[in-house]
Amino acid sequence: MDKPNITKTVINDDVVIIKPIKTLDNNNAHEMVNIITGVQEDGYKTIVMDMTDLEFLSSAGVGSILGTIETSREVGGDIILCNVPESINHILDILDLIDYLTIRENKEKAIAMTGARI
Amino acid sequence: MMSNSGFSHKDRVATSYYKWLSDEKSLLALDALAKLNTQFANRPEFQLLIKTLLLTLAGQFSITSAFAVLRQPGYSDNKTVFLATGRFAKSRQLESLPLTPDLERYFVEYRAAARITDVNCPHSCKSYRGILHDCKVAIVCPLMHNDKLLGIIGLGEKVAGKNFQDKDIELFNSLMQSIVPLIASSYHFWEMASLSAWHLDILNHVKQGVFAFAYDNRLKKINTVGINIIRRHNPDIPDVVSMYNLSLEEVFDEKIFNDWAKRLAKGIAEHDSGSIEGLVIKTDGVEYAYDVYFCKISGDTEFQADFIVTLDDVTERRRAEKQRRLLQEKLEQAEKMEALGVLAGGVAHDLNNMLGPLVGYPELILRKLPEDSPVRGQVNKIADSARNASNVIQDLLTLARRGRYEMEPVNLNKVIADYLESPAHIQRSKDKPDILVEYNPDENICNINGSFPHLYKVVMNLIVNAFDAMPEGGKLAVITSREYLKKLSGGYDKIEEGNYAVLRVRDTGIGIEQKDLERIFEPYFSRKKMGSSGSGLGLSVVYGIVKDHKGYYDIFSEIGKGTEFVLYFPATDLLEKAAYESEDTFCGTESILVVDDIIEQREIAYDMLSSVGYKVVCVENGRKAIEYLSKNPADIVILDMIMEKDFDGLDTYREIIRLRPAQKVIVVSGFSATERVQEIQKLGGCPFIKKPFTLQIIAKAIRTALDNKDPIDQPA
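How each quantity is defined
Residues numbered from 1 in each chain as written. Chains lettered and ligands numbered in written order. Predicted model: local features only at pLDDT ≥ 70, side-chain atom pairs only at ≥ 80, totals over all residues. Heavy atoms only, no water. Helix = DSSP H or I, 4+ residues; strand = E, 2+ residues; numbered from the N terminus. Buried < 20%, exposed > 50% of the residue type's maximum accessible area, 1.4 Å probe, protein only. Contact = heavy atoms within 4.5 Å. Areas by Shrake-Rupley, 256 points an atom, 1.4 Å probe, with all protein chains shown as cover. pLDDT = per-residue confidence, 0-100. Pairing = 2+ DSSP bridges. Axes fitted to C-alpha atoms, helices over the stretch in contact; angles between N-to-C directions. Parallel < 35°, antiparallel > 145°, perpendicular 65-115°, else oblique. Left-handed = near helix turned anticlockwise from the far one by under 90°. Nonpolar A, V, L, I, M, F, W, Y, C, P; charged D, E, K, R; others polar. Expected span 1.5 Å × (residues − 1). Arc of directions from axis to C-beta. Polar contact = N/O pair within 3.5 Å; in protein donor to acceptor, adjacent residues only side chain to side chain. 1 Å grid on protein atoms, 1.4 Å probe; cavity = no way out; pocket = protein on both sides within 12 Å on 5 of 7 lines; lining within 4 Å. Points joined across faces, edges and corners; volume = space filled by probe spheres on them.

J.: So what's going on with the overall build of chain B? Which residues, and what values?
T.: Each helix and strand counted, chain B has 23 helices and 22 strands in total. In chain B, which comprises 716 residues, the share counted as buried stands at 47%. Counting only contacts in chain B whose residues sit at least 6 apart along the sequence, the fraction spanning at least 24 positions is 66%. In the structure as shown, chain B presents an accessible area of about 36,600 Å², 53% of it carried by carbon and sulfur atoms.

As structure tokens, then:
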């Protein structure tokens, strides 16, 4: 099995982009939690999760976002999803999370929400 | 709980499965479940499984927080492990949730997931529910397997204030029911791994080296101590793994462990258990001691361990025991010496009294014999023997009461010459004609403040030892010199700068090993064969006497080449006493009262003092002396110290000075100056003479005392 990959790009002192590639499921949900927790501890308020390359999102993957999102929101930040593929959007819809999560069409719009520029 | 549906638990699970198929969300859950099973079936990392399960449940039920409290395997108490996601991860209350027996009993009965509000159990569970409620836990589900509570899983509230529907709870329930077998097997693996690690940890912390061998004589298990012991003696063992499957004979290689393997194999063949104590291996010059135990074990496990061998490293214990034994021996020796001292002290008093006539009469006889009498030589021999006997008694007292010598200026050359001319040395030289003795005295040697008989003993011991060190013959050099010293070349002692009379006794004998040099002055430390010569105290006496003379020593020795003892005695400016005084110095006509409880002593004193003109009266105890003095004057009193216990010399003296404050007294005793003698000297400044005394000594003391017109410290 190819090892799922997650990349991290720092935009400015408050914003960082995290990009899960291919899958976000049992196999890398913990890695995602660790990465998000790490950047939160580093003081980044807003995390943009770019889902451009995500092909599969499992319950555990969703859990990794839900389990960390409150920490960002408590400090006035958020985890903003962008470039969400249709299949992934369907999963979020099934789980009734479309309204709860902040979702933007693309990375630029997501970052624009934070006032930062690429 | 869940009583509104009317279904039994099993019915409910079956119904849930059916419902899933028509629900897309349930299909997602089914997919998550399948993935968990696939991921963890072959890789049962329990804690990771639970963490992934919590994330899956969070995603599945749209919650931000979930937790699990799990029973820690391998412990009989209720120690737990806490895993959580979201804000539950920081909850101290949830982390410390106990898994109580009450809770276990409750969940054995109601084993399904339920809303917190529906959990209703007695006792401790009430507070339990309170905590869950306070922490905003919405649903709780037990992890049950074979009626055993493995732990609890709790879910937080749904996002955006949404509520859990019955359908959610049924799905949660069904999910948990489906995954429990995987959790249970993973839990048991974790339990097994934990127990195995725990047992290994225990084994590795046992003080002994433990080796478990299988029925085929091959090593199957070894603890850390065991590996360290083997490696200590056989550094070629590369690692632990290389030791497994080695045979008993290979583990305890004969080249290193001698016949251990054979003895163990024999023991195991003949007995179910046993021990071999005190096995010793020498490695890098160090001796290691082990007590070895072996024991057959049941062998009914899959691993077929047949017997275990344990090695107890008792090196330190043996060393400590040896040291303790040595200390004990030294203590016993010291006690023996003390007892000997007490005995010697008592015997010395009696012997001195008996020796009195032997020491005193020859002198009187010689005075009466014509110069050309043929018996003069024989009388002189009697006198010499008596003096020697007296010296032996003094040696006993030396051992018993070191340091209380009568010091006077002594010429070391005369001590050596005296010994070299002694019959004992002449005989020894005759017996060993292949030893050449050279004596080189320095005529300018300084006097030292010392005790002639004790220094004589030093010279004798060193020369006798030198003779013993040259069984094949050789050369003995005895050299004296006068030296100004700042430090010692050998470095065995530190020295005070000044003039010293130096004695060197050098032999060309077998030499002393370096490690023994530091111990040769210990009592009974000897490299000579027992009974070959000496008492074992020779060098101890030398050491003691040198130290009592404020002297120092150096030793130089080389195996096969010989040994040199160098003694340094601080110089004194005082001159030696003249050997003989003129006869006029001890004649007189004054009256003398002799007080002594021993008739022979009274007789010898009477004969001696009468012979030089004194008027002598003798009484046998202190009370009679007082009685006599109350009626008659005496110019001087010769007062024995040791008499009746209730009225000894000191008691008598006190009465005498009460009666006659200006009375002159000379104190005599077979003992050294005791505290009671010192008390008399403090009271009256009386001279003290040690018995047995010669006419020369006692008469001179009497003359000196009588001629002193202004006696000091005499009480008014």
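J.: Explain the confidence of the model for chain A to me, and be specific about the residues and the numbers.
T.: In this model, chain A carries an average pLDDT of 89, and 93% of its residues clear a pLDDT of 70 or more. By mean pLDDT, helix α4 (residues 107-114) of chain A is the weakest element of chain A at 86, and strand β5 (residues 78-82) of chain A is the strongest at 95.

J.: Any chance you could break down the sheet that holds strand β12 (residues 435-440) of chain B for me, citing the residues and the numbers?
T.: Residues and elements named next belong to chain B. Spatial ordering of the open sheet is given by β12-β14-β15-β17-β16, a layout of five strands whose pairing is mixed. Edge strands, defined here as strands with exactly one partner in the open sheet, are β12 and β16 (552-558). Sheet twist, expressed as the average angle between the axes of neighbouring strands with direction ignored, equals 15°. In terms of strand pairing, strand β14 (residues 474-485) meets strand β15 (residues 498-507) through 10 bridges, oriented antiparallel. Along β15, the bridge assignment pairs V478 with V505.

J.: Break down the confidence of the model for chain B for me, with residues and values.
T.: Residue and element names in this part refer to chain B. Model confidence for chain B is summarised by a mean pLDDT of 80, while 83% of its residues fall at 70 or above. Predicted confidence in chain B is weakest over helix α1 (residues 9-20), with a mean pLDDT of 49, and strongest over strand β18 (residues 591-595), with 93. Per-residue pLDDT stays below 50 along residues 1-15; that stretch engages in 20 contacts with residues further than four places along the chain or on separate chains. Here residues 710-716 is a poorly scored stretch, pLDDT under 50, and it has 15 contacts once near neighbours within four places are set aside; other chains count. Here the predicted complex scores 0.49 on pTM and 0.91 on ipTM.

J.: Please set out the packing of helix α19 (residues 599-611) of chain B against helix α23 (residues 695-707) of chain B residue by residue, giving values where relevant.
T.: Residues and elements named next belong to chain B. The contact between α19 and α23 brings their axes to 10 Å, and the two run at 65°. Classified by the interaxial angle, the pair formed by α19 and α23 is roughly perpendicular. Between α19 and α23 lies a crossing whose hand is right-handed. Residues M608, L609 and S611 of α19 form the contact with α23, whose participating residues are L695, I698 and I702. Classifying every residue of the contact of α19 with α23 by side-chain character gives five nonpolar, one polar and no charged.

J.: An account of the pairing of β14(B) is requested, with residue identities and associated values reported.
T.: Across six bridges, β12(B) lies against β14(B) in parallel orientation. Looking across to β14(B), one finds that I435(B) is bridged to G474(B).

J.: Which residues make up the sheet that holds strand β2 (residues 80-85) of chain B, and what values go with them?
T.: Taken in spatial order, the five strands of this open sheet run β2-β1-β5-β4-β3 (chain B), and their pairing is antiparallel. With one partner strand each, in any of the chains shown, β2 and β3 (114-115) of chain B form the two edges of the open sheet.

J.: An account of α19(B) is needed here, citing residue identities and associated values.
T.: All names here are of chain B. Between the first and last C-alpha of α19 there are 18 Å, a value that for 13 residues agrees with the 18 Å anticipated at 1.5 Å per step. For α19, the complete set of buried residues consists of Q601, R602, I604, A605, M608 and L609. Seen from one end, α19 has its buried residues packed into an arc of 165°, which puts them on one side. One or two steps after α19, the chain reaches G613, where phi turns positive at roughly 105°.

J.: Please give an account of the environment of P85(A) that cites residues and values.
T.: All names here are of chain A. Residue position: P85 is located in the loop between β5 and α3 (86-94). A C-alpha to C-alpha distance of 7.7 Å links P85 and E55, two positions 30 residues apart in sequence. When neighbours within four sequence positions are excluded, P85 is seen to be in contact with M51, T52 and L54.

J.: Before we move on, can you summarise the environment of R319(B) with the specific residues and values?
T.: Residues and elements named next belong to chain B. For R319, the position within the fold is in helix α12 (residues 315-368). The sequence separation of R319 and E287 amounts to 32 residues, and the corresponding C-alpha distance is 9.9 Å. Separated by 2.8 Å, the side chains of R319 and E316 make a polar contact.

J.: Describe empty space enclosed by the protein, listing the residues and the values that go with them.
T.: Residue and element names in this part refer to chain B. Applying the stated criterion across every chain, the model contains two cavities of 30 Å³ or more. In this structure, the second largest cavity encloses a volume near 50 Å³. Contributing to the lining of the second largest cavity are V594, V595, D596, Q601, A605, I638, V668, K691 and F693. A per-class count over the lining of the second largest cavity returns six nonpolar, one polar and two charged.

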